[in-house]
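# Summary of structural features
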Amino acid sequence: MAKIIAITNQKGGVGKTTTSVNLAACVAEAGHRVLVVDADPQGNTSSGLGVRVKEKTPTVYEVMSGEVPLKDALCKTRVQTLFVLPSDIRLAGAEIELASIDDREHVLSGALAPAGDLFDFIFIDCPPSLGLITLNALCAAGGVLIPIQCEYFALEGVSALMNTISRVQKINRHLSIEGVVLTMLDARTNLGVQVAQEVRKVFKGKVYNTVIPRNVRLGEAPSHGLPITLYDPRSLGAQSYQALAREFLAR
(Lines give C-alpha, C1' and ligand atoms only; values in the text may rest on other atoms or scores of the structure.)
Protein backbone atom coordinates (compact mmCIF):
# COMPACT_ATOMS: atom_id res chain seq x y z
CA MET A 1 0.00 0.00 0.00
CA ALA A 2 1.14 3.51 -0.78
CA LYS A 3 2.39 5.75 2.00
CA ILE A 4 0.37 8.98 1.84
CA ILE A 5 2.00 12.25 2.91
CA ALA A 6 0.13 15.56 3.20
CA ILE A 7 2.42 18.54 2.61
CA THR A 8 0.80 21.44 4.40
CA ASN A 9 1.22 24.79 6.08
CA GLN A 10 -1.65 27.26 6.06
CA LYS A 11 0.88 30.06 5.70
CA GLY A 12 1.46 30.92 2.04
CA GLY A 13 4.85 31.34 0.43
CA VAL A 14 6.74 28.81 2.56
CA GLY A 15 7.93 26.56 -0.28
CA LYS A 16 5.11 24.05 0.03
CA THR A 17 4.52 23.58 -3.69
CA THR A 18 8.24 23.70 -4.47
CA THR A 19 8.74 20.92 -1.94
CA SER A 20 5.81 18.90 -3.28
CA VAL A 21 7.13 19.03 -6.84
CA ASN A 22 10.80 18.47 -6.16
CA LEU A 23 10.68 15.99 -3.29
CA ALA A 24 8.22 13.86 -5.27
CA ALA A 25 10.45 14.02 -8.37
CA CYS A 26 13.57 13.05 -6.40
CA VAL A 27 11.77 10.13 -4.70
CA ALA A 28 10.56 8.94 -8.11
CA GLU A 29 14.06 9.26 -9.56
CA ALA A 30 15.26 7.04 -6.71
CA GLY A 31 13.18 4.24 -8.25
CA HIS A 32 9.80 4.59 -6.56
CA ARG A 33 6.32 4.92 -8.07
CA VAL A 34 5.03 8.33 -6.98
CA LEU A 35 1.77 10.24 -7.33
CA VAL A 36 1.42 13.93 -6.54
CA VAL A 37 -2.13 15.05 -5.76
CA ASP A 38 -2.56 18.76 -6.46
CA ALA A 39 -5.17 19.71 -3.87
CA ASP A 40 -4.68 23.46 -4.28
CA PRO A 41 -7.13 25.31 -6.60
CA GLN A 42 -4.22 27.47 -7.79
CA GLY A 43 -2.90 24.41 -9.63
CA ASN A 44 0.76 25.38 -9.26
CA THR A 45 1.94 21.84 -8.61
CA SER A 46 0.27 20.70 -11.83
CA SER A 47 1.90 23.41 -13.96
CA GLY A 48 5.20 22.96 -12.11
CA LEU A 49 5.25 19.37 -13.36
CA GLY A 50 4.39 20.36 -16.92
CA VAL A 51 0.66 19.58 -16.82
CA ARG A 52 -1.42 22.27 -18.53
CA VAL A 53 -4.99 21.87 -17.29
CA LYS A 54 -7.60 22.75 -19.92
CA GLU A 55 -11.37 23.05 -19.69
CA LYS A 56 -11.98 19.36 -20.40
CA THR A 57 -8.98 18.02 -18.47
CA PRO A 58 -10.23 15.79 -15.63
CA THR A 59 -8.92 17.01 -12.28
CA VAL A 60 -8.98 16.05 -8.62
CA TYR A 61 -12.36 17.82 -8.42
CA GLU A 62 -14.00 15.39 -10.87
CA VAL A 63 -12.39 12.43 -9.10
CA MET A 64 -13.64 13.59 -5.68
CA SER A 65 -17.14 14.19 -7.04
CA GLY A 66 -17.24 10.72 -8.59
CA GLU A 67 -17.59 12.00 -12.16
CA VAL A 68 -14.28 10.50 -13.34
CA PRO A 69 -12.38 7.38 -12.16
CA LEU A 70 -8.97 8.12 -10.67
CA LYS A 71 -7.06 6.25 -13.39
CA ASP A 72 -8.59 8.47 -16.09
CA ALA A 73 -7.37 11.65 -14.41
CA LEU A 74 -3.72 10.71 -13.85
CA CYS A 75 -1.22 12.67 -15.94
CA LYS A 76 2.29 11.60 -16.86
CA THR A 77 5.27 13.85 -16.18
CA ARG A 78 8.80 14.03 -17.58
CA VAL A 79 9.95 11.78 -14.72
CA GLN A 80 9.16 8.20 -15.73
CA THR A 81 7.56 6.93 -12.52
CA LEU A 82 6.02 10.23 -11.41
CA PHE A 83 2.34 11.02 -12.05
CA VAL A 84 0.17 13.96 -11.03
CA LEU A 85 -3.54 14.24 -10.27
CA PRO A 86 -4.02 17.84 -11.44
CA SER A 87 -6.09 20.69 -10.12
CA ASP A 88 -7.45 24.05 -11.15
CA ILE A 89 -9.93 26.68 -9.96
CA ARG A 90 -12.77 24.12 -10.17
CA LEU A 91 -11.56 22.70 -6.87
CA ALA A 92 -12.43 25.96 -5.10
CA GLY A 93 -16.11 25.02 -5.32
CA ALA A 94 -15.48 21.76 -3.50
CA GLU A 95 -15.16 23.57 -0.15
CA ILE A 96 -18.80 24.65 -0.40
CA GLU A 97 -20.06 21.35 -1.82
CA LEU A 98 -18.29 19.24 0.81
CA ALA A 99 -19.99 21.15 3.62
CA SER A 100 -23.33 19.47 2.86
CA ILE A 101 -22.00 15.92 2.41
CA ASP A 102 -22.09 13.21 5.08
CA ASP A 103 -18.65 11.92 6.08
CA ARG A 104 -17.28 14.97 4.24
CA GLU A 105 -13.75 14.62 5.65
CA HIS A 106 -13.19 11.23 3.96
CA VAL A 107 -14.14 12.09 0.36
CA LEU A 108 -10.52 12.42 -0.82
CA SER A 109 -9.51 9.28 1.04
CA GLY A 110 -12.18 7.31 -0.83
CA ALA A 111 -11.19 8.87 -4.14
CA LEU A 112 -7.53 7.88 -3.66
CA ALA A 113 -8.27 4.30 -2.55
CA PRO A 114 -7.63 2.80 -6.04
CA ALA A 115 -4.15 4.37 -6.06
CA GLY A 116 -3.02 2.41 -3.02
CA ASP A 117 -1.67 -0.52 -5.05
CA LEU A 118 -0.41 1.57 -7.99
CA PHE A 119 2.10 3.74 -6.13
CA ASP A 120 4.69 3.54 -3.36
CA PHE A 121 4.22 7.16 -2.25
CA ILE A 122 1.40 9.66 -2.64
CA PHE A 123 2.16 13.31 -1.83
CA ILE A 124 -0.79 15.68 -1.37
CA ASP A 125 -0.01 19.37 -1.93
CA CYS A 126 -2.55 21.15 0.29
CA PRO A 127 -3.93 24.68 -0.15
CA PRO A 128 -2.62 27.42 2.17
CA SER A 129 -5.60 27.17 4.53
CA LEU A 130 -7.09 24.83 7.11
CA GLY A 131 -10.40 24.32 5.28
CA LEU A 132 -12.22 21.16 4.21
CA ILE A 133 -9.76 20.31 1.43
CA THR A 134 -6.84 20.29 3.87
CA LEU A 135 -8.95 18.35 6.37
CA ASN A 136 -9.61 15.75 3.66
CA ALA A 137 -5.88 15.51 2.94
CA LEU A 138 -5.06 15.00 6.63
CA CYS A 139 -7.74 12.32 6.96
CA ALA A 140 -6.35 10.50 3.90
CA ALA A 141 -2.70 10.73 4.98
CA GLY A 142 -0.50 8.70 7.28
CA GLY A 143 2.03 11.50 7.68
CA VAL A 144 2.26 15.28 7.58
CA LEU A 145 5.26 17.08 6.14
CA ILE A 146 5.47 20.74 7.17
CA PRO A 147 7.63 23.21 5.21
CA ILE A 148 8.67 26.21 7.33
CA GLN A 149 10.58 29.12 5.84
CA CYS A 150 13.65 30.46 7.62
CA GLU A 151 12.27 33.96 7.99
CA TYR A 152 10.73 36.20 10.62
CA PHE A 153 7.25 35.00 11.72
CA ALA A 154 8.20 31.47 10.57
CA LEU A 155 6.34 29.84 13.47
CA GLU A 156 3.33 32.13 13.15
CA GLY A 157 0.24 29.99 12.63
CA VAL A 158 2.04 26.71 13.27
CA SER A 159 0.19 26.29 16.59
CA ALA A 160 -3.13 26.43 14.69
CA LEU A 161 -1.86 23.75 12.32
CA MET A 162 -0.73 21.57 15.24
CA ASN A 163 -4.16 21.96 16.88
CA THR A 164 -5.80 20.87 13.63
CA ILE A 165 -3.51 17.85 13.37
CA SER A 166 -4.35 16.92 16.98
CA ARG A 167 -8.06 17.08 16.24
CA VAL A 168 -7.70 15.05 13.05
CA GLN A 169 -5.74 12.37 14.94
CA LYS A 170 -8.97 11.60 16.82
CA ILE A 171 -10.51 10.68 13.45
CA ASN A 172 -7.39 9.34 11.75
CA ARG A 173 -5.33 7.56 14.39
CA HIS A 174 -2.61 6.72 11.82
CA LEU A 175 -1.72 10.37 11.26
CA SER A 176 1.64 11.56 12.58
CA ILE A 177 4.14 14.30 11.79
CA GLU A 178 6.45 12.87 9.14
CA GLY A 179 8.89 15.73 9.36
CA VAL A 180 9.54 19.46 9.16
CA VAL A 181 11.49 20.93 6.23
CA LEU A 182 13.34 24.22 6.66
CA THR A 183 13.09 26.18 3.42
CA MET A 184 14.34 29.44 1.87
CA LEU A 185 17.42 29.66 4.06
CA ASP A 186 19.68 32.60 3.33
CA ALA A 187 22.84 31.48 5.10
CA ARG A 188 24.28 34.99 4.79
CA THR A 189 21.85 36.29 7.42
CA ASN A 190 21.91 35.66 11.15
CA LEU A 191 18.09 35.69 11.14
CA GLY A 192 17.83 32.60 8.95
CA VAL A 193 20.20 30.65 11.18
CA GLN A 194 18.38 31.80 14.34
CA VAL A 195 14.98 30.80 12.92
CA ALA A 196 16.33 27.37 11.98
CA GLN A 197 17.59 26.90 15.55
CA GLU A 198 14.22 27.96 16.98
CA VAL A 199 12.28 25.56 14.74
CA ARG A 200 14.59 22.71 15.77
CA LYS A 201 13.88 23.53 19.44
CA VAL A 202 10.12 23.43 18.88
CA PHE A 203 9.98 20.26 16.75
CA LYS A 204 13.08 18.56 18.15
CA GLY A 205 13.90 15.35 16.21
CA LYS A 206 11.19 15.91 13.58
CA VAL A 207 13.22 18.51 11.63
CA TYR A 208 15.17 17.16 8.66
CA ASN A 209 18.90 17.82 8.67
CA THR A 210 18.68 18.93 5.04
CA VAL A 211 17.82 22.61 4.68
CA ILE A 212 16.54 24.00 1.37
CA PRO A 213 18.37 27.24 0.48
CA ARG A 214 17.13 30.23 -1.42
CA ASN A 215 18.08 29.41 -5.00
CA VAL A 216 17.33 31.29 -8.22
CA ARG A 217 17.11 28.07 -10.26
CA LEU A 218 14.43 26.70 -7.95
CA GLY A 219 12.36 29.78 -8.73
CA GLU A 220 12.89 29.43 -12.49
CA ALA A 221 12.10 25.72 -12.86
CA PRO A 222 8.25 25.92 -12.51
CA SER A 223 7.94 28.27 -15.48
CA HIS A 224 9.49 25.51 -17.61
CA GLY A 225 7.18 22.82 -16.16
CA LEU A 226 10.14 20.87 -14.80
CA PRO A 227 11.35 19.71 -11.39
CA ILE A 228 14.69 21.20 -10.47
CA THR A 229 16.57 17.94 -11.12
CA LEU A 230 15.61 18.10 -14.81
CA TYR A 231 15.85 21.88 -15.17
CA ASP A 232 19.29 22.23 -13.60
CA PRO A 233 20.57 19.01 -12.03
CA ARG A 234 23.83 20.62 -10.90
CA SER A 235 22.19 23.51 -9.05
CA LEU A 236 22.28 23.85 -5.28
CA GLY A 237 18.49 23.50 -5.25
CA ALA A 238 18.64 20.13 -7.05
CA GLN A 239 21.36 18.84 -4.72
CA SER A 240 19.36 19.95 -1.68
CA TYR A 241 16.15 18.20 -2.72
CA GLN A 242 18.06 15.05 -3.64
CA ALA A 243 19.57 15.09 -0.15
CA LEU A 244 16.12 15.65 1.37
CA ALA A 245 14.72 12.71 -0.62
CA ARG A 246 17.52 10.45 0.64
CA GLU A 247 16.82 11.54 4.22
CA PHE A 248 13.05 11.13 3.74
CA LEU A 249 13.47 7.60 2.38
CA ALA A 250 15.98 6.66 5.09
CA ARG A 251 13.44 7.60 7.79
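Residues numbered from 1 in each chain as written. Predicted model: local features only at pLDDT ≥ 70, side-chain atom pairs only at ≥ 80, totals over all residues. Heavy atoms only, no water.

### A short note on the overall build of the protein
Broken down by element type, the protein carries 12 helices and eight strands. Over its C-alpha atoms the protein spans a radius of gyration of 17 Å, differing by no more than 12% from the 18 Å that the globule rule assigns to 251 residues. Along the longest, intermediate and shortest principal axes, the C-alpha atoms of the protein span 50 × 40 × 30 Å. Within the span of the protein, comprising 251 residues, buried residues form 54% of the whole. Put simply, of all contacts in the protein between residues at least 6 apart along the chain, 79% involve residues at least 24 apart. For the protein, the computed accessible surface area is about 11400 Å², with 52% contributed by carbon and sulfur atoms. (Helix = DSSP H or I, 4+ residues; strand = E, 2+ residues; numbered from the N terminus. Rg over C-alpha atoms; globule rule 2.2 N^0.38 Å. Buried < 20%, exposed > 50% of the residue type's maximum accessible area, 1.4 Å probe, protein only. Contact = heavy atoms within 4.5 Å. Areas by Shrake-Rupley, 256 points an atom, 1.4 Å probe, with all protein chains shown as cover.)

### Concerning the pairing of strand S6 (residues 143-149)
Of all the seven residues making up S6, seven are buried; the element is thus mostly covered by neighbouring parts of the structure. Burial along S6 is two-sided: Gly143, Leu145, Pro147 and Gln149 facing one way and Val144, Ile146 and Ile148 facing the other are all buried. With three bridges connecting them, strand S1 (residues 3-7) and S6 associate as parallel partners. Across the sheet, isoleucine 5 pairs through a bridge with glycine 143, a residue of S6. As judged from the seven bridges shared by S6 and strand S7 (residues 176-185), these two strands associate in the parallel manner. Its bridge partner lying in S7, valine 144 is registered against isoleucine 177. Read from S6 through helix H8 (residues 158-169) to S7, the crossover connection turns out right-handed. (Pairing = 2+ DSSP bridges. Right-handed = clockwise from strand over helix to strand, strands pointing away.)

### Here's the deal with the nonpolar core
Of all hydrophobic cores here, the largest spans 52 residues; its most connected members are Met64, Leu85, Ile122 and Ile124. Top element by residues in this core is helix H7 (residues 132-140). It accounts for six residues. For methionine 64, the contacting residues outside a window of four places in its chain are Leu91, Leu98, Val107, Leu108, Ala111, Ile133 and Asn136. Ranked by size, the runner-up nonpolar core spans 33 residues in total, among them Phe123, Tyr208, Ile228 and Tyr231. (Core = buried A, V, L, I, M, F, W, Y, C linked by side-chain atoms within 4.5 Å.)

### Considerations on the layout of surface pockets
Approximately 250 Å³ is the volume found for the largest pocket. In this structure, the largest pocket is lined by 20 residues; those nearest its centre are Gly15, Lys16, Thr17, Thr18 and Asn44. Mapped onto the lining of the largest pocket, the elements with two or more residues apiece are helix H1 (16-29) and helix H2 (44-48). Ranked by the residues each element gives to the lining of the largest pocket, the list is headed by H1, at five residues. Here the second largest pocket defines a volume of roughly 190 Å³. Lining the second largest pocket are Gly15, Thr18, Thr183, Met184, Ile212, Pro213, Arg214, Asn215, Leu218, Gly219, Pro222 and Tyr241. Listing elements by their share of the lining of the second largest pocket, those giving two or more residues are S7, strand S8 (207-213) and helix H10 (216-220). Along the lines of polarity and charge, the residues of the lining of the second largest pocket split into six nonpolar, five polar and one charged. (1 Å grid on protein atoms, 1.4 Å probe; cavity = no way out; pocket = protein on both sides within 12 Å on 5 of 7 lines; lining within 4 Å. Points joined across faces, edges and corners; volume = space filled by probe spheres on them. Nonpolar A, V, L, I, M, F, W, Y, C, P; charged D, E, K, R; others polar.)

### Observations concerning the packing of aromatic side chains
As enumerated under the stated definition, the model contains five aromatic pairs in all. Between phenylalanine 83 and phenylalanine 119 the ring centres are 6.0 Å apart and the planes differ by 65°, which places this aromatic pair in the edge-to-face class. Here phenylalanine 83, found in strand S4 (residues 82-85), pairs with phenylalanine 119, found in the loop between helix H6 (107-112) and strand S5 (121-125); they are 36 residues apart in sequence, far enough to count as distant. Taking relative accessible area as the criterion, phenylalanine 83 reaches 24% and is therefore assigned partly exposed. The buried category is assigned to phenylalanine 119, whose relative accessible area is 5%. (Phe/Tyr/Trp six-rings, centres within 6.5 Å; stacked < 30°, edge-to-face > 60°.)

### Let's talk about H7
Given 3.6 residues per turn, any residue in an α-helix points the same way as the ones three and four places further on. Taking burial as the measure, the nine residues of H7 include eight buried ones, the bulk of the element. Taken residue by residue, H7 has Leu132, Ile133, Thr134, Asn136, Ala137, Leu138, Cys139 and Ala140 as its buried positions.

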